Amino acid sequence: MGSSVNSTGEILPERTVMSDPEAIGAAIRAARKESGISQEVLAELAGISERTVRSIESGSGSSSLAAVSAAANALGLRLAAL
C-alpha cells in the first residue's frame with residue numbers, strides 16, 4: 001500500500017483519503033450552512049456544479065477527489081483535516 005505526506009511531513013496511508021465520504025460530506029455541508037451560503041453559491045466558489053455539491057454533501061462517494069478538495073478549499077477547510 002502506498003502513502004502520502006501531509007503539510008507537516010506526517011506520512012498518511014492512501015486509504016485515509018476519502019475513506020469516509022459520508023463524514024466528509026457532512027463536514028462540508030455543516031461548514032457551508034455555518035457560512036450561510038447555498039449549494040449554488042458553493043458550487044460557484046468552488047468551480048464545480050451544484051449537482052456535484054449535492055453529491056459531495058450526500059456522501060455518495062461518486063465525486064472526484066478534485067471536486068471534494070475544491071469544495072473544501074472554497075469553505076476554508078483542509079481536506080486532510082476532514
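Overview of the structure.

Cut-offs applied
Residues numbered from 1 in each chain as written. Predicted model: local features only at pLDDT ≥ 70, side-chain atom pairs only at ≥ 80, totals over all residues. Heavy atoms only, no water. Helix = DSSP H or I, 4+ residues; strand = E, 2+ residues; numbered from the N terminus. Buried < 20%, exposed > 50% of the residue type's maximum accessible area, 1.4 Å probe, protein only. Contact = heavy atoms within 4.5 Å. Areas by Shrake-Rupley, 256 points an atom, 1.4 Å probe, with all protein chains shown as cover. Polar contact = N/O pair within 3.5 Å; in protein donor to acceptor, adjacent residues only side chain to side chain. Axes fitted to C-alpha atoms, helices over the stretch in contact; angles between N-to-C directions. Parallel < 35°, antiparallel > 145°, perpendicular 65-115°, else oblique. Nonpolar A, V, L, I, M, F, W, Y, C, P; charged D, E, K, R; others polar. Core = buried A, V, L, I, M, F, W, Y, C linked by side-chain atoms within 4.5 Å. Salt bridge = Lys/Arg side-chain N within 4 Å of Asp/Glu carboxyl O.

### Examining the overall build of the protein chain
If you tally the helices and strands in the protein chain, you get 4 helices and 2 strands. The burial tally for the protein chain puts 28% of its 82 residues in the buried class. Taking as baseline every contact in the protein chain between residues at least 6 positions apart, the subset at least 24 positions apart corresponds to 47%. Put simply, the protein chain shows about 5,000 Å² of open surface, and 49% of that area lies on carbon and sulfur atoms.

### Thoughts on the side chain of Ser-63
Mapped onto the secondary structure, Ser-63 falls in the loop between α3 (50-58) and α4 (65-74). You can call Ser-63 buried: its relative accessible area is 12%. Here Ser-55 takes part through its side chain, which lies 3.1 Å from a polar atom of the side chain of Ser-63.

### Structural notes on the packing of helix α2 (residues 39-46) against α3
Two quantities define a packed helix pair, namely the angle between the axes and the distance from one axis to the other. Relative to each other, α2 and α3 sit at 105°, their axes nearing to 8 Å. Regarding the angle of α2 to α3, the classification is roughly perpendicular. Every residue of α3 that contacts α2 at Gln-39, Glu-40, Leu-42 and Ala-43 is listed here: Glu-50, Val-53, Arg-54 and Glu-57. Classifying every residue of the contact of α2 with α3 gives 3 nonpolar, 1 polar and 4 charged.

### Focus on the nonpolar core
Membership of the largest hydrophobic core comes to 15 residues, with the highest contact counts inside it found for Ile-28, Leu-42, Ile-48, Ile-56 and Ala-71. With 5 residues, α4 is the largest single contributor of residues to this core. Beyond its immediate chain neighbours, meaning those up to four positions away, Ile-48 contacts Ala-43, Val-53, Ile-56, Ala-67, Ala-70 and Ala-71.

### Overview of the pattern of salt bridges
This model, assessed by the stated rule, comprises 2 salt bridges. Between Arg-32 and Glu-57 there is a salt bridge, with its nearest N and O atoms 2.5 Å apart. One end of the pair, Arg-32, is in helix α1 (residues 21-35); the other, Glu-57, is in helix α3, and 25 residues separate them in sequence. Taking the relative accessible area as the measure of exposure, Arg-32 reaches 8% and is therefore buried. The closest approach of N and O atoms between Glu-50 and Arg-54, which form a salt bridge, is 3.8 Å. Linking Glu-50 with Arg-54, this pair stays in helix α3, spanning 4 residues, or about one helical turn. You can call Glu-50 partly exposed: its relative accessible area is 33%. Look at Arg-54 and you get partly exposed, because its relative accessible area is 41%.

Just distances and angles here, no functional claims.
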